[in-house]
Amino acid sequence: MLKIRSRARSNSHSLLEQNDLLLPCPPAPTPANSYVSPSFLENAMNYNNIMQAAESILMTPTLPSPDSIKDKGKIDQLKKLCQDFMLTDEQLKHIEKRMVTEVNWGLGKETNPTSNIKSYITYVSELPTGREHGRYLALDLGGTNFRAILIELEAGSASIKMKSAKHPVSAQLMQGPGEHLFNFMADKLREFMIDHELLGQKYKLGFTFSFPTIQHSISSADLANW
């Protein structure tokens, strides 16, 4: 059974609340020389690395050339919208460092209660081998929707077939008794199994629960916050 546990944050050790750690500065506009030059392709081909050159081109952000004054205005607006999303290598490294630190704080016994990334134990003792096959059921509960999913894995193949049904979850269900919410999910799962003629057989089922829980075993947990 999931139990709601409230945890107030105080004396946080989070990097996000350290006064001496500033957020990354807004990135500068992308310079004109950031685009792929013709010489880049020539050099890549000289080293017989055409695939790498193609990958680099695909990963490099480019904007279309305007055919009219109207198009130029649209492209200028697009540049302005995208400008704040362009990050430098230094900014990405800064974010990476902060994330690693947050994860480590979540793993620490003393810093876990006030960390932003809790790093709770999951008790997952086995990882997929890649040789799994057959039919599996999955449930996915998020903040606004619930999905029932049927996944078919073919033996000796990387083929994955998936069928799903999505149902909106009302605020009344999300804020009401947990029993009502889980009854709702059970009813929708039964409907899904009837629609796909799955009743009468046993299936392994995975449950994705998009809220932090403090697990005591693979099948028992307390809800940290809602």
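Everything here concerns the structure above.
The notes below deal with the structure included here. All values derive from a computational prediction rather than experimental measurement. Counting restarts for each chain: residues are numbered from 1 in the order of the written sequence. Local features in this predicted model are restricted to residues of pLDDT 70 or higher, and side-chain atom pairs are both shown and tallied only at a pLDDT of 80 or more, whereas totals for entire chains, interfaces and linings draw on every residue. Water and hydrogen atoms play no part in the side-chain values, which are based on all heavy atoms of the structure.

1. As for a nonpolar patch on the surface
Then, in step 1: Any residue with relative accessible area above 30% and no salt bridge may belong to a patch, with like charges joined within 9 Å and the nonpolar Val, Leu, Ile, Met, Phe, Trp and Tyr side chains within 5 Å. Note on areas: Shrake-Rupley with a 1.4 Å probe; residue coverage comes only from the protein chains shown. Salt-bridge detection follows one rule: a side-chain nitrogen of Lys or Arg within 4 Å of a carboxyl oxygen of Asp or Glu. Taken together, the side chains of I121, Y123, V124, L127 and I218 define a hydrophobic patch exposed on the protein surface, amounting to about 570 Å² of accessible area.
Then, in step 2: Among the structural elements, L127 can be located in the loop between α4 (89–107) and β1 (134–141). Runs of E in the DSSP output that reach at least two residues are strands. Runs of H or I that reach at least four are helices, and both are numbered from the N terminus.

2. What about unusual backbone geometry?
Then, in step 1: One non-glycine residue, S119, lies in positive phi territory at about 55°.
Then, in step 2: Inspection of the secondary structure puts S119 in the loop between α4 and β1.
Then, in step 3: Here the term buried applies to any residue with accessible area under 20% of the maximum for its type, exposed to any over 50%, and partly exposed to those in between, with areas from a 1.4 Å probe on protein chains only. For S119, a relative accessible area of 25% corresponds to the partly exposed category.
Then, in step 4: The backbone of Y123 sits at a positive phi, close to 65°, despite the residue not being glycine.
Then, in step 5: In this fold, Y123 is placed in the loop between α4 and β1.

3. Re the nonpolar core
Then, in step 1: We define a nonpolar core as any set of buried Ala, Val, Leu, Ile, Met, Phe, Trp, Tyr and Cys residues linked to one another through side-chain atoms lying within 4.5 Å. If you look at the biggest cluster of nonpolar residues, it comprises 20 residues, and the most contacted ones within it are L137, L141, F146, V169, L181 and L198.
Then, in step 2: Of all the secondary structure elements, the ones that give two or more residues to this core are β1, β2 (145–153), α5 (171–175) and α6 (178–195).
Then, in step 3: For this core, the leading source of residues is α6, giving 6 residues.
Then, in step 4: Beyond its immediate chain neighbours, meaning those up to four positions away, L181 contacts L141, V169, L173, M174 and W226. Should any heavy atoms of two residues lie within 4.5 Å, those residues are considered in contact.

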